[in-house]
Amino acid sequence: MSISLINAKASEIVEAIKSKKISALEVTEFFLKRANELNPQLNAFISIDQSCIEQAKKIDMKVSKSEPLGKLAGLPIGVKDLLCVKDQVTTAASKMLANFKSPYSSTVVERLVAEDAVILGKTNLDEFAMGSSNETSYFGVVKNPWNVEFVPGGSSGGSASAVAARMCPVAIGTDTGGSIRQPANFCGIVGIKPSYGRVSRYGVVAFASSLDQVGPMATYVEDCALVLEVISGEDKMDSTSLGLEVAEYSKESLGDKKINIALPKQYFGDALSEDVKQNLQTVIEKLRADGHKFNEVDLPLTEYAISTYYLIACSEASSNLARYDGVRYGYRSDEVSNLESLYLKSRSESFGPEVKRRLMLGTYALSSGYYDAYFEKACKLRAKLKKEFEKVFESNDVILSPVTTDTAFKIGERISDPLQMYLNDILTISTNLAGLPAMSVPIGYSKLKMPIGAQVIARSFDEKQMIAFAKLLESKKSQNGEQPDVF
Amino acid sequence: MVHQGTIMIDLKTVQHIANLAKLELSDEEASAFSDQLTDILGHFKKLEEVDTSSEECLYTPNPIAQRLREDEVVEFNERQKIIDNAPESSGQLIKVPPVVS
Amino acid sequence: MSSSRYETVIGIEVHVQLNTKTKLFCSCSTEFSSSDNHNICPVCTGMPGALPVMNKKVIELASKTGLALNCKINQRSQFSRKNYFYPDSPKAYQISQYDLPICENGYLDVRLSEGAVKRIGVTRAHIEEDAGKSSHHGNYSLINFNRTCVPLLEIVSEPDMRSPSEAAEYVRALRSVVQYLGVCDGNLEEGSMRADCNVSIRPFGQKEFGTKVELKNINSFRFIEKAIAYEVSRQADLYDNGDQDQIVQETRLYDADKNKTYSMRTKEDAHDYRYFPEPDLMNLMVSDELLKELQSRLIELPFAKAERFKESFGLSEQDALLLVQQREMAEYFEEVATKSKEPKLSANWISTELMRVLKESKQDIKDFSVSAGDLAELLVLLSTKKINAKIAKTVFEEMITSSKTAGTIVEAKGLVQDDDPNSIAKFIDQVIESNPEQVEQYRSGKEKVFNFFLGQTMRLSKGKANPDLVSELLKEKLSK
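Residues numbered from 1 in each chain as written. Chains lettered and ligands numbered in written order. Predicted model: local features only at pLDDT ≥ 70, side-chain atom pairs only at ≥ 80, totals over all residues. Heavy atoms only, no water.

Turning next to the overall build of chain B. Scanning chain B from terminus to terminus reveals 3 helices and 3 strands. A compact globule built from 101 residues would reach a C-alpha radius of gyration of about 13 Å, whereas chain B, at 23 Å, exceeds it by more than 25%. For chain B, the residues scored as buried account for 44% of the 101 residues in total. Here the contacts in chain B between residues at least 6 apart in sequence split such that 47% fall between residues at least 24 apart. Accessible surface for chain B amounts to roughly 5,400 Å². Of this, 50% is attributable to carbon and sulfur atoms. Positive and negative charge centroids in chain B, built from 9 and 19 side chains respectively, lie 6 Å apart. (Helix = DSSP H or I, 4+ residues; strand = E, 2+ residues; numbered from the N terminus. Rg over C-alpha atoms; globule rule 2.2 N^0.38 Å. Buried < 20%, exposed > 50% of the residue type's maximum accessible area, 1.4 Å probe, protein only. Contact = heavy atoms within 4.5 Å. Areas by Shrake-Rupley, 256 points an atom, 1.4 Å probe, with all protein chains shown as cover. Lys, Arg positive; Asp, Glu negative; His and termini not counted. Charge placed at Lys NZ, Arg CZ, Asp CG, Glu CD.)

Written as C-alpha cells, this is what we have:
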C-alpha cells in the first residue's frame, strides 16, 4: 500500500484509486475490516454492509476499463441510519423501524453513489435523531473513541464515532439543532450543517421538517467540502431545496483576504468551561495576529432560542412521526384487537421515552387552546431571531463561537434530566432556526485529552466563505497528532 | 393564551395529549411526563417576555415560492416492495384490524 | 308536518375531484380502474422520508373554478397539515389548506325549480388531498391507496339554502359549472364529486342558527333531497317534543335503503386536528400572468348562457335551461340555431327528436354522428317547406344511419314537397271518388272525418304533398 489510509484525505484516496496506486477493493477492505473490528466496542454502526466489497469491485472494473470515475470513486462512506438506502433496513435507531426495508433511496445516497462512493454501512444515532448524546438509540449507546466512557454526542453520534475511529474516512449526518456539529465537536472531527435548502431532504426520515439538514462529517475540512459539493443542489423531489449555484467548496480558500469575524457575547458566557475558553482564545489570538478583525456582537435572543427551537421541533415531530402507526410498515403490536389498540400499542411499545416525551410536547404545543401561546409564538420569535443574525452579517463575514460549553460528558450523566439535556444545545440551535450554514472545526484538546472544536456560522447560502475560513481555522489547531484511545 | 403563573400539566392533561398522540402511557410514565412537561413548558413560558407583536410567523427559513411539477405520470416500479413492508396484507391490499372489535 | 314551523338552514361542502393525470403531490396516475394498490409510490403511501411536490395543473384548475364561482383568488395561499389517525390516511395527516385557501368570497347564482334565481354564497374553495379507500370485512379491514393524494377542491358554501330542493339545485348548478370548465367530470355516483350537507333548523323568526348536523356519504341528487328532508323532520320532531338539546353537533351518515340518517360516532369524539402550516411545502403563488390568462379564457357558464339563449334566440325558460345543462349540447344547439337561422325550430328539434334518439341509443351528444351543420341543413329544408315535418323526421333517421346529408337523401328519394295544386287536386279527386260514404258524413256535419281525407290524400302523395295545401284544397272540394 502506497498511502497511509488511516489518515489520508478523501481526495488522496480517490486520487490513489484513479491513478491505480491502490484498488478500491483494498481501500474498502481496509475500512471494512476496521469497522468490523471496532464496532463491537464503539457501536457506531447499526449495520455494516459486508457486500460493500462488491461495490468496490465495480469501481475497480471502471478503473480497469478506463471509464470516467466519479468525484468520490471508491471512497467508503458511513451513512446515518436516518437516510433511506434502497433494499436496506433503515431503522432511525427505533424499534418502530427495526424491520423496515426501504423501497427507495434518499437523494443524498443516490448522489453519493452516482459519484462512485462505496456505502459502507448505516451509522447509529439517537432514536429518530432525538437526542444529544446517542444514548436514546434502540440499538444501544455509542461510545466516544477518545474515551469509551464518554458519549460521542448526538444525534449523529455513530457517524462522528465512526469517523473519529477511522472506521470510514467520511460519514453522512443530519443536523436539526446541532446533531452534526455537537458530535463532531465531541469526537474531534469536522462537521457541516449546510444552509437549510442546500441539500435535499428526500428520503431522510423526518424529525423536524423546517430544521433538518443533511451534511458531511470527516477528519478534514476539505473532505467535508468535497462531499458537500456532491450532495448539494436542487432536488425536484424536495420542495424546500433551492436551485442556487453549488461551488467547488473543496477548492475554496481565503488566500490573503482579511475578514471580519463576529464573536457573539451571549456565546461566550460564564457557562463556558475553562478548557473551551482557553482553546478558543488561543485560535482567536492566532487569527488576530494574521490580521483578521474580531468584533464583539450582541445576539440577545439567544436565551430564548432553546424554547423556540424545542417548540417548533417537537410540534413538527409530533406530526412527522404520526405515520408510524403500525399500518403499512414497521412495528405492529401482537396485542391488537381493534384499530385504536393497533395505534396505541404499536406506538407505545416501539417508541423510546425521549421520542414519547417530544411527541407529547409537540402535540401539546399544537393542541387547541395552546397553539397561539406556544407554536405561533415560537414562529414569531423565529422571525425575530433570523433578523438578529442578518444584522450581525451586515458588518461581519462569519461568526466564530464554541460549539458546546464543555467537552463530551460521561455516558449516563445527564440522561435523567431532559430539560438540562435540552439546554446543552443552546449554542447550535439558533442557526437551524435561521437556516444558516454552520460547522464545527477541531481546534484543540482539553486537559483530559478530549477534543474541542469551534463553530463557524456564515450568511445564508454562503458555504464558500464558511469553508474557506474553516480551512484557515483548521490550520490553527493546537496539539496536532493526538490520536483517540482506540487507535 | 397561557395564563400568568406556573403551568401545571396534570395527569388528566397528560392523558388527553397522549390520546391525541396515540400513546398509551403507564401510570409511571404519565406521572413522569406530568412533572417533566410542567418543568419544560414552565421554562418555555419565558417566551412571553419577548414582544413579537410586530412579527410575522416564520414557518420555514427560506419562504420561497412553491416549486411545481408538470402533470405527467411517472410510475413507481417498486410498488411490491411497499406492500411487502406491510405487517399484514391480503392480496395487494393492506390488512388492519377492524375499527371496532 | 310539524317542520312547517321551522326554518331549514343548509350549508354544503362539495369535494370536487380535479381532472388531472397525476396525483396532487406525486407523479402517480389518478386512474381509478387500476388494480389494487397499483398507483402508489413512497410519497402517497407515507413512506419514511418521502416529501410532497405540487402538481402545477392543480393551480390552474382550482383558480379557474374559483374565477367561475366569482371568488377572489389569493395569489399567495398556504398548505396546512390536518392531523388525525385513520388507516386510509397514510401520513396520519391530510395536506389541506386552512388559514389561507386559494379561493375566497364568491357566489353561485342558482335557478330554483319555481323559476326564481337565488344567489348562494361561496365562503371558500381550497385544495386538499384525498384519502385512500378502506373496505370493511367484519373482523378486519383492507386498505387501497390508489386514491390517496388525488387532488380535490373543497367548495364550501355559506349557510344560504333553505330547503332540500334548494340544496340539490345548488349542487346541480355547481356540477354544471365544473363540467363546463372541464375541471371535473361531476360524477356523484363514482365519487368524483361528493357533497357533505350541514343541516340545522330554527323556529321562524329566530336569529341564531340551530345546532348543525353534518350529513355525509350522499351520492346522488335524489338522495341529497331525501337525506336532508329526513334530517329536517328528525330535528323538527325533537324540537316539537322540547328535546332540541338532543340535537348535537355530529356527523351522520345517510342510509339510502332505509331512508334514514344515523350517527357516525357513538361516543363524543374530541377532534383536535392540530392544524399547522405544512413545512414541506412553500407558499403557493398564483402569478399575475396565470390569473390574467385564466380570466381572459373564462368561458360562458350555464346560467349566463341560458339568459343569452332566452334573450337573443327568444327561447322559453324551459328550453333554455334544458339546452344549457351540458356544455356540448348548448354549443351544438347554438351552431344549429345560427346556421339554420331558425332558433326556435332548432330548440324544438333538439329537445324532442335529437334528445329522444340520444336517450334511446344511450349516446352522448359528443359522439353523435349528425353534425350541427347537417342538422341545420335539414331544418332549413323544413322551414322553407321543401319538405314537411313528417318527411323531415324520416330523413333525420336516415341521416343518423347513413351519414348522408339531408339534401342528398331528399334528392335521391325524391322527397321534395309537392306544392303543385294540380297534382294535389288529382289525389283529392281520387280520394273523394272512392269514399262516397265519408263524403256524405262530412257534408252532413261530421267534420271529424276531415282528418281521414287528409291522411288518405297524404298517403296517395307518398307523404310528399304540402299538408297546408292539401288541407286548403280539400276544404274547397268537399264543400262543393
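When pLDDT is averaged across chain B, the result is 92; 93% of the residues are at 70 or more. Scored by ipTM, the complex comes to 0.96, with pTM at 0.91. (pLDDT = per-residue confidence, 0-100.)

Here we take up the interface of chain A and chain B. On the side of chain B, 59 residues touch chain A, which itself brings 78 residues to the contact. Both sides of the chain A and chain B interface together cover about 5,900 Å² of buried area, and 64% of this is carbon and sulfur. In terms of surface lost to chain B, no three residues of chain A exceed R332, M360 and Y364 of chain A, which account for 12% of the buried area on that side. Across the chain A-chain B interface, the total number found is 9 salt bridges. A salt bridge links E303 of chain A to K46 of chain B, with the nearest nitrogen and oxygen atoms 3.0 Å apart. (Buried area = accessible area lost by both parts, 1.4 Å probe. Salt bridge = Lys/Arg side-chain N within 4 Å of Asp/Glu carboxyl O.)

Another point: the interface of chain C and chain A. Taken residue by residue, the interface counts 30 residues in chain C and 38 residues in chain A. Between chain C and chain A, the buried area comes to about 2,700 Å², and carbon and sulfur atoms account for 62% of it. For the pair chain C and chain A, the interface holds 1 salt bridge. Here chain C is connected to chain A by 17 residue pairs in polar contact (both at pLDDT 80 or more). A class-by-class count of the residues in the side of chain C that touches chain A yields 21 nonpolar, 4 polar and 5 charged. (Polar contact = N/O pair within 3.5 Å; in protein donor to acceptor, adjacent residues only side chain to side chain. Nonpolar A, V, L, I, M, F, W, Y, C, P; charged D, E, K, R; others polar.)

To continue, consider unusual backbone geometry. All names here are of chain A. Residue S155 is bonded to the preceding G154 through a cis peptide linkage, with omega at 10°. Look at D116: it is not a glycine, yet its phi comes out positive at around 70°. One can find D116 in the loop between α4 (107-114) and β3 (118-123). Positive phi, normally seen in glycine, also occurs at N134, with a value near 60°. Relative to the assigned elements, N134 resides in the loop between β3 and α5 (157-164). N134 sits in the buried class, given a relative accessible area of 0%.

All right, on to the side chain of S315 of chain A then. Relative to the helices and strands, S315 of chain A is located in helix α9 (residues 302-320). With near-sequence residues (within four places) excluded, S315 of chain A lies in contact with Y310, G362, A365, L366 and F375 of chain A together with F276 of chain C.

Membership of the largest hydrophobic core comes to 324 residues, with the highest contact counts inside it found for L112, F128, L400 and F469 of chain A together with Y170, I224 and L375 of chain C. Excluding residues that lie within four positions of it along the chain, I224 of chain C makes contacts with A167, A168, V171, L188, A195, C197 and I218 of chain C. (Core = buried A, V, L, I, M, F, W, Y, C linked by side-chain atoms within 4.5 Å.)

Take empty space enclosed by the protein next. Residue and element names in this part refer to chain A. In total, this model carries 9 cavities of 30 Å³ or more according to the counting rule given. Taken as a whole, the largest cavity encloses approximately 90 Å³ of empty space. Lining of the largest cavity is provided by 15 residues; of these, G131, S132, S179, Y309 and D425 occupy positions nearest its centre. Its residues assigned to classes, the lining of the largest cavity comprises 5 nonpolar, 8 polar and 2 charged. Of the volumes computed, that of the second largest cavity is approximately 80 Å³. Across the lining of the second largest cavity, the residue classes break down as 9 nonpolar, no polar and 4 charged. (1 Å grid on protein atoms, 1.4 Å probe; cavity = no way out; pocket = protein on both sides within 12 Å on 5 of 7 lines; lining within 4 Å. Points joined across faces, edges and corners; volume = space filled by probe spheres on them.)

What follows concerns the packing of aromatic side chains. According to the stated counting rule, one finds 31 aromatic pairs over all chains in the structure shown. Residues Y309 of chain A and Y310 of chain A carry aromatic rings whose centres are separated by 4.9 Å and whose planes lie at 90° to one another, so their mutual orientation is edge-to-face. By relative accessible area, Y309 of chain A is classed as buried at 3%. Ring centres of Y324 of chain A and Y329 of chain A lie 6.2 Å apart, and the angle between their planes is 70°; this geometry places the pair in the edge-to-face category. The class of Y324 of chain A is buried, set by a relative accessible area of 2%. Aromatic rings pair up to connect F100, F128, Y324, Y329 and F351 of chain A into one cluster. The side chain of K82 of chain C reaches across the aromatic face of Y273 of chain C, ending 4.4 Å from its centre. (Phe/Tyr/Trp six-rings, centres within 6.5 Å; stacked < 30°, edge-to-face > 60°. Lys NZ or Arg CZ within 6 Å of the ring centre and 35° of its normal.)

Attention now goes to the sheet that holds strand β15 (residues 260-263) of chain C. Residue and element names in this part refer to chain C. Pairing within the open sheet is mixed, and its 9 strands lie in the order β3-β7-β8-β11-β1-β12-β13-β14-β15. Among the strands making up the open sheet, the edge pair consists of β3 (72-73) and β15. Across 3 bridges, the pairing between strand β13 (residues 213-218) and strand β14 (residues 251-255) is parallel. Counted as the bridge partner of L215 is R252 from β14. (Pairing = 2+ DSSP bridges.)

Residue and element names in this part refer to chain C. When its volume is computed, the second largest pocket comes out at roughly 1,300 Å³. In terms of lining residues, the second largest pocket is bounded by 43 residues, among which S176, L321, V324, Q325 and Q326 are the most central. Within the residue set of the lining of the second largest pocket, elements represented by two or more residues are β7 (103-111), α2 (164-181), α5 (302-313), α6 (317-324), α7 (327-340) and α8 (343-361). Here the lining of the second largest pocket takes 8 residues from α2, the largest share from any one element.

Right, let's get into the pattern of salt bridges. Close approach of charged atoms allows side chains of opposite charge to pair. Residues and elements named next belong to chain C. Evaluated as defined, the whole model comprises 68 salt bridges over all chains. Taking the shortest distance from any N to any O, the salt bridge between R81 and D280 comes out at 3.0 Å. Within this pair, whereas R81 is found in strand β5 (residues 80-83), its partner D280 is found in the loop between β16 (276-277) and β17 (284-285), the two being separated by 199 residues in sequence. Taken as a pair, R81 and D280 share a single burial class, namely buried. As a salt-bridge pair, K477 and D429 come within 2.9 Å of each other at their nearest N and O atoms. You can see K477 sitting in helix α15 (residues 467-478) and its partner D429 sitting in helix α12 (residues 421-434), a full 48 residues away along the chain. Using a relative accessible area of 19% as the deciding quantity, one classes K477 as buried. Accessibility expressed as a relative area gives 36% for D429, which makes it partly exposed.

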